Amino acid sequence: MGIRGLQGFVERVCPDVCISVDLREMAEKHRMSHPNFPPVIVVDAMSCVKYWYTAESWVCGGQWREYLVSLDHFIKAFMAAGIKLVFYFDGVVEKKKRGEWIKRRMKNNEDIAKIFQFIKTHRKQPGREMFTAISALPTFTRFALKSLGQETVCTLQEADFEVAAYGLQHNCIGILGQDSDYLIYNTCPYFSIEKLRLDRLVTVMYSREALCHALGLSLTHLPLFACLLGNDVVPENLLESFWQKCLIISHRKNNRYSRRANILLAVADYISKVPCLYSSLKHLEEMLPLGSDKTLLYRGVESYLLPGQQSPWIPPNVTNYKISIQQQTAVCQDEEIFQLAKEQHIQSENYTVFNVLSNGELDCSNSLEDECDTEIPGQALIYRPARQHIYSVLLESGKGGAYPLIKEWFVYFGNPLQQPELIQPVEPSVPGGTPDLKTLWFAKGPDVEKQRYDTFMACFDLQDRMEEIQALGAPIAAFCCLLAYLMMQVSTLSLEDLNAFVALILCLKGKSAAQLAHLQLAQVDSRAVHLGAVFVRGLTTLLMANSACGFPFRMDDLMPWEAFDGKLFQVKYQQSHQGCSVEELLESNESLYAPFQDLKTFICNACMAKKRTIQSRPRGNGFITGTQQREFNPRFQHTHKRSLIPPYHNQTREFLSGNPQPQGKKY
């Protein structure tokens, strides 16, 4: 996650570190010196996604078809220069980085609250300076890149180490990203995605050698320098007294610089006088207030050593330790299943199942959800019953063993993230019983295909309607499964909401990215923003179920560019709640009238079978403007103590009580 302030420091204080480079020229030089090896750039995708997302609208849930075009344009610019790209994505959050992850998630919650307040006040999207990553953007980016024919890797540890190692081992011409840790690793050159001019393939290269010259250090010093500034291993709060000491004795202080810049210079000055020996590191560990763990510096320096590298700070007979997933300590003890899940994880072919099978832990970052909207629970809670079923499928619970609890780190209002929530797997009601993973993943034949489909539907409590859904065909079948589940789980959703979602899915099919880009919104509705984020997160739940059940659907059929567009959903939502006709909602396309009614009927009947009646509740132009914070509903606390979360009901709302509003007609 980088060293705080280092990137800005080199740009403001050490401009010689920032070298403008032409990537075409670098690629040509590489071809001349290595004629049998094409030039390769390894891409830290997680630090690039916000630069790839160039669509004007970002708050409504994602302009996914526009995003695909943007990614394709990016790839083709490098292909034209003969440069191969290899994309790396974080596959886990390492334990040592969980604290920093939580801190960032809490900060993101504050940013999202400000975004919703802006929307409610101005009824439009905030400026780009308030941009926050669209829900599930990294997840779908890696599937998008795969669909565009790119080599895409999902890591077994945090991506920066694997990116740096790949760059070194494969003689890459550079790393493309925006993470100051790449200034510390002794690897191939580090290029800035932020400074990249795609039309000319010109960017800034940050030179480690120039940084060392400016600081009076050697490359060997950089890992210790990073640790003494605070990083993902050594917390900053343990270093304040050390920094103060360095500032007092440093001769490099400059009143024109910020305190952080002066700390960087002072720490470098201190390190330059320390002999590069293991005994020096041990002395520093004794001197610093590291608490009970006196090995923090050692582990921090070690974390920057790539395979085959050694450091004078580390004894030569010690091989660097990196976190690896060992099957003997994994939740899943079946070697064949474990290895297939691992391979699919690395190749970005499945979604989250390896995290569950390896260490029984799963996390989910922020979504663009309105904490003041008391009617809609967090997506983490809406989809938890489905995840409980998926966990059961993966771990084959209830078949003669204990029920292992899954640790969830999911961001939603009311969850302080102080510890993981322990979630109990719940066996789904699959006709004939839940098949084992060996059957779902390895067996062949039409009977097995039906079992996969049955199990997938049972994860969403739709096993009784399997034949009806299957008749719809992919991808509509999967999206209707999601909508039916969503309407059953959140009983505050109305007929108007359903109309908007169904119209969106049907109308999107014939629209190009260019048509969607030209769509203009008169205003933005905050509730529609929230629902858009919930729906997109639901698509990731489909991916997870599909991966667990042996892929009854093609993963390509479950992507948001097949079912969702943020601006188009805003249009359909506002039209539906303002009472427009079906003809207007479906853009006078008569071929959509019958499918529209059929899909609505199917979803409403599925809900009625579960005693959930979808009611009409038009909101007109009544945008949500309240700022009163929701009270956390205790119904959703400690869910690991019960087998299944009931659908969300807000019983304070008149239309759901025994005295519904007059206009609340039933479908």
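What counts as what
- Residues numbered from 1 in each chain as written.
- Predicted model: local features only at pLDDT ≥ 70, side-chain atom pairs only at ≥ 80, totals over all residues.
- Heavy atoms only, no water.
- UniProt positions renumbered as here; feature names shortened; annotations may be inferred.
- Axes fitted to C-alpha atoms, helices over the stretch in contact; angles between N-to-C directions.
- Helix = DSSP H or I, 4+ residues; strand = E, 2+ residues; numbered from the N terminus.
- Parallel < 35°, antiparallel > 145°, perpendicular 65-115°, else oblique.
- Left-handed = near helix turned anticlockwise from the far one by under 90°.
- Contact = heavy atoms within 4.5 Å.
- Phe/Tyr/Trp six-rings, centres within 6.5 Å; stacked < 30°, edge-to-face > 60°.
- Buried < 20%, exposed > 50% of the residue type's maximum accessible area, 1.4 Å probe, protein only.
- Lys NZ or Arg CZ within 6 Å of the ring centre and 35° of its normal.
- Nonpolar A, V, L, I, M, F, W, Y, C, P; charged D, E, K, R; others polar.
- Core = buried A, V, L, I, M, F, W, Y, C linked by side-chain atoms within 4.5 Å.
- 1 Å grid on protein atoms, 1.4 Å probe; cavity = no way out; pocket = protein on both sides within 12 Å on 5 of 7 lines; lining within 4 Å.
- Points joined across faces, edges and corners; volume = space filled by probe spheres on them.

As annotated in an unreviewed UniProt entry, the protein carries the name Constitutive coactivator of peroxisome proliferator-activated receptor gamma and comes from Psilopogon haemacephalus. As its UniProt record puts it under Subcellular location (unreviewed entry), the protein is described as follows: "Nucleus". UniProt, in the comment section headed Sequence similarities (unreviewed entry), describes the protein in these words: "Belongs to the constitutive coactivator of PPAR-gamma family."

### Concerning the packing of helix H22 (residues 495–508) against helix H25 (residues 566–577)
Two packed helices can be described by the angle between their axes and the distance between those axes. In contact at an axis separation of 8 Å, H22 and H25 are set at 140 degrees when each is read in the N-to-C sense. The angle between H22 and H25 falls in the class oblique. Remark: the crossing between H22 and H25 carries right-handed chirality. Of the residues in H25, those in contact with Glu 496, Asp 497, Asn 499, Ala 500, Phe 501, Ala 503, Leu 504, Cys 507 and Leu 508 of H22 are Leu 568, Phe 569, Lys 572, Tyr 573, Ser 576 and His 577.

### Quick notes on the packing of aromatic side chains
In total, this model carries 27 aromatic pairs according to the counting rule given. Ring geometry for Tyr 190 against Tyr 206: centres 5.0 Å apart, planes inclined by 40 degrees, an arrangement best described as tilted. Of this pair, Tyr 190 sits in strand S6 (residues 190–192) while Tyr 206 sits in strand S7 (residues 202–206), and the two are 16 residues apart along the sequence. With respect to class, Tyr 190 is no different from Tyr 206; both count as buried. An aromatic cluster of at least three residues, connected via ring pairs, comprises Tyr 53, Trp 58, Trp 64, Tyr 67, Phe 131 and Phe 140. Its end group placed over the ring of Phe 131, Arg 128 keeps NZ or CZ at 4.3 Å from the ring centre. One residue, Arg 260, lies across the ring of Trp 243, its end atom 5.1 Å from the ring centre.

### Observations concerning unusual backbone geometry
The omega angle of the peptide bond from Ala 474 to Pro 475 is 0 degrees, so this bond is cis rather than trans. One non-glycine residue, Phe 551, lies in the positive phi region at around 65 degrees. A residue is classified by how much of its surface remains accessible, and Phe 551, at 27% relative accessible area, is partly exposed.

### Here we look at the packing of helix H17 (residues 384–395) against helix H19 (residues 446–459)
In contact at an axis separation of 8 Å, H17 and H19 are set at 140 degrees when each is read in the N-to-C sense. When H17 is examined against H19, the residues Ala 386, His 389, Ile 390 and Val 393 are found in contact with a partner set consisting of Thr 455, Ala 458 and Cys 459. For the contact of H17 with H19, the per-class residue count stands at five nonpolar, two polar and no charged.

### Here's the deal with the nonpolar core
In terms of nonpolar packing, the biggest core is built from 148 residues, with Ile 41, Trp 52, Phe 78, Leu 394, Phe 460 and Ile 603 touching the most fellow members. When neighbours within four sequence positions are excluded, Trp 52 is seen to be in contact with Val 43, Ala 45, Tyr 67, Ser 70, Leu 71, Phe 74, Phe 87, Thr 141, Leu 145 and Ile 193. Counting 68 residues, the second largest nonpolar core, distinct from the first, contains Val 42, Phe 161, Ile 271 and Val 301.

### Considerations on empty space enclosed by the protein
Applying the stated criterion across every chain yields a total of two cavities of 30 Å³ or more. As a volume, the largest cavity reaches approximately 120 Å³. Among the residues forming the lining of the largest cavity, the class breakdown is four nonpolar, three polar and eight charged. Empty space within the second largest cavity amounts to approximately 40 Å³. Together, Trp 58, Gly 61, Ala 133, Ile 134, Ser 135, Leu 368 and Ala 533 line the second largest cavity. Of the residues assigned to the lining of the second largest cavity, the class counts are five nonpolar, two polar and no charged.

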